[in-house]
Amino acid sequence: MNDDPNFRPDAFRDECGVFGIFGDSEAANLAYLGLHALQHRGQEGAGIAASDGKLIRAFRGRGLVGDVFGGEELANLMGHMALGHVRYSTAGEGSIRNVQPFVVRYRDGQMGVAHNGNLVNASILREELEEQGSIFATSSDTEVILHLVAGSTQGTFINRLVDGLMRVEGAYSLVLMTEQTMVAVRDPWGFRPLVLGRRGSAWVVASETCALGLIDAEFVREVEPGEMVIVDHDGIQSLKPFPRRPRRACVFEHIYFARPDSTVFGRSVYDNRIQLGRILAEENPVEADVVIPVPDSGVPGALGYSQYSGVDYALGLIRSHYVGRTFIEPSQQIRDFGVKLKLAPIRSVIDGKRVVVVDDSLVRGTTLRKVVRMLRQNGAQEIHLRITAPPTVSSCYYGVDTPTKDELIATRMGVSDICEYLGADSLSYISLAGLRRAEGEDQGRFCEACFTGDYPVDPRPDRLHRQMPLFVDGQDSEES
Ligand code: SF4
C-alpha cells in the first residue's frame, strides 16, 4: 500500500517545487516558509541549501517540510542566499540521496541545484558522461546537469551553465547557486512554472506565486520560457541564450497541480478552474438537485458548474486533512477502507438527491468508484460524474508522475464502459475544445499531451535507448 498521506490513485501525482532567495539575512528561514507554501508539489522530501558568500551548507531529509527542519537545522544554514526544494518521487526510490537541492564541489568551487521537470535525454547523456569517467551519486536526471556544467570547457559559471543546458532536452525550471550567485532558468518550452518576486531589496524565485505571498514578497513577473535570470551583489540580469521554441506550458498546472491561490502562466488558477466548471456545465447539463465536489481539488470546478447550471452547490464529501501515513495490510478488503479515511459523506446533503459529482481528473478510476459506492450507501438517488479535464490517454514525460498508458482507464474503455465500471448514472468530461476555451487568448500555448498524445518534445530518446535501466535498480529515471 502506498504510504503517502496525500496519495490519490485517481490523480496524476504532483511533481516538485523550487524556491530561491538572494539578499536577505533570513534567507534559509524564508526558504523554509516558501517551501511550506509549495508543499502540495511534493511530500516525499525537502531540502534547503544556503550560502554566506563563502560556503554553501545544505540540509535535506525525507518527509514533509515541517518534519524535516527544526530550529537547529535552519540556524546552521547561514547566509543571505538560499535554495529550497520539495520533492515527489516514484515509489521505492525516495531515498535521501535523491532529495534536493544537490550541492557539489568541482574545480571552481561549490554549486547547488533544485529542479522541477524531467529531462527526456538524461539516460543518454549519463551514459556518455560515465564513459568519460563521471561518477554519479544519485539516480536523478538533475545530477546530469551538474556534470555537464562541471565538465564544460567554457570560462565562466554562466557560460558553462548555458553550454550544459544546450545539451539537455525536456522540462526544467531550475534554481542554481554558486557561493555568490543565484541563477533561475526555465526551459525554452516553458513546461513548468517559475516566477520572480521582490521582498524589500531581496530577489525571490519560486514555482508558484503562493510562495511569494506567504513571505510578503511582491510578484514581479514570470521567468520567461528560455530565460536565465542571474542575481548577485551587482544586481539582476536576464539572458535568453537558448533557441526560441513555441510556448508549451503544462495545462495540468491549471487543472490540478497548482494551488488555487496561485497565479500560474499569467492566469489565476482558481478563476481558471471556475471557468472549467462553467464550460463543463454548458457542455454536459443534467437534471439534478445538488452539485458536490470531490474535495479539495474538485471544489472550484463544482462551484463553476453550480454557477452556470443554477443547481445548488453543497459539500457532500468532507476530506480529512489529518490522515497520516497508513501502514495497513494491502488486502482488498482492508484497502477499501482507505478512501473512507480520507473522504466522509454528509448524508443530509446526499440522501434522496440527484447528485452531480465534480472532480478534476479521472486517471485510473479507483477512487471515484469507491466514492460512487459511498454516495449510494448514503442514499443518493442518481449520481452524475462530471470531470473538468478531457480523458487522460497518454503518460507525461515532462516531470509529472503518471501511470503507464495501459493503466489509464480511458485508454482501455469508452466513456459508457467507464461509467458502468464506476457505477454512476452518467459520466461526462469537458471537451478538448472546452479546455482550450477556458484558457482564453492563451489557447494553443499549452502542452496537452496527456489528452492528445501530441508531445511537443520527443519523449523517446531515453525510452528507445538501449541503456535505459542505467538509472537505477531496475527503475525508471526520477522525476524532479
Ligand atoms: Fe502537463 Fe500533461 Fe503535458 Fe505532462 S503531458 S506537461 S502533465 S499537459
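Participant: What should I look at first to understand the overall build of the protein in this one?
Facilitator: Looking only at helices and strands, the protein features 19 helices and 23 strands. Counting across all 480 residues of the protein, residues that qualify as buried make up 59%. Expressed as a percentage of contacts within the protein between residues at least 6 apart in sequence, the contacts between residues at least 24 apart total 71%.

Participant: What exactly am I supposed to notice about the confidence of the model for the protein here?
Facilitator: In regions of low pLDDT, the predicted coordinates are not meant to be interpreted in detail. Per-residue pLDDT for the protein averages 90, and the proportion of residues at 70 or more is 89%. Within the model, pLDDT remains below 50 along residues 1–9, and this stretch shows 28 contacts once partners closer than five positions in the same chain are excluded. Per-residue pLDDT stays below 50 along residues 466–480; that stretch engages in 56 contacts with residues further than four places along the chain or on separate chains.

Participant: Explanation requested: unusual backbone geometry in the structure shown.
Facilitator: Across residues other than glycine, the phi torsion is negative in most instances, and most of the peptide bonds are trans. Proline 101 follows glutamine 100 through a cis peptide bond whose omega is 5°. Looking at where proline 101 falls in the secondary structure, it is placed in the loop between strand S4 (81–87) and strand S5 (102–106). With omega at 0°, the peptide bond leading from proline 295 into aspartate 296 counts as cis. For aspartate 296, the position within the fold is in the loop between strand S17 (290–293) and helix H10 (299–309). A positive phi angle is found at aspartate 216, which is not glycine, with a value near 60°. In this fold, aspartate 216 is placed in the loop between helix H7 (209–214) and strand S11 (218–222). Phi at phenylalanine 265 is positive, roughly 55°, even though this residue is not glycine. Along the polypeptide, phenylalanine 265 turns up in the loop between strand S15 (263–264) and strand S16 (267–268).

About the criteria used
Residues numbered from 1 in each chain as written. Predicted model: local features only at pLDDT ≥ 70, side-chain atom pairs only at ≥ 80, totals over all residues. Heavy atoms only, no water. Helix = DSSP H or I, 4+ residues; strand = E, 2+ residues; numbered from the N terminus. Buried < 20%, exposed > 50% of the residue type's maximum accessible area, 1.4 Å probe, protein only. Contact = heavy atoms within 4.5 Å. pLDDT = per-residue confidence, 0-100.

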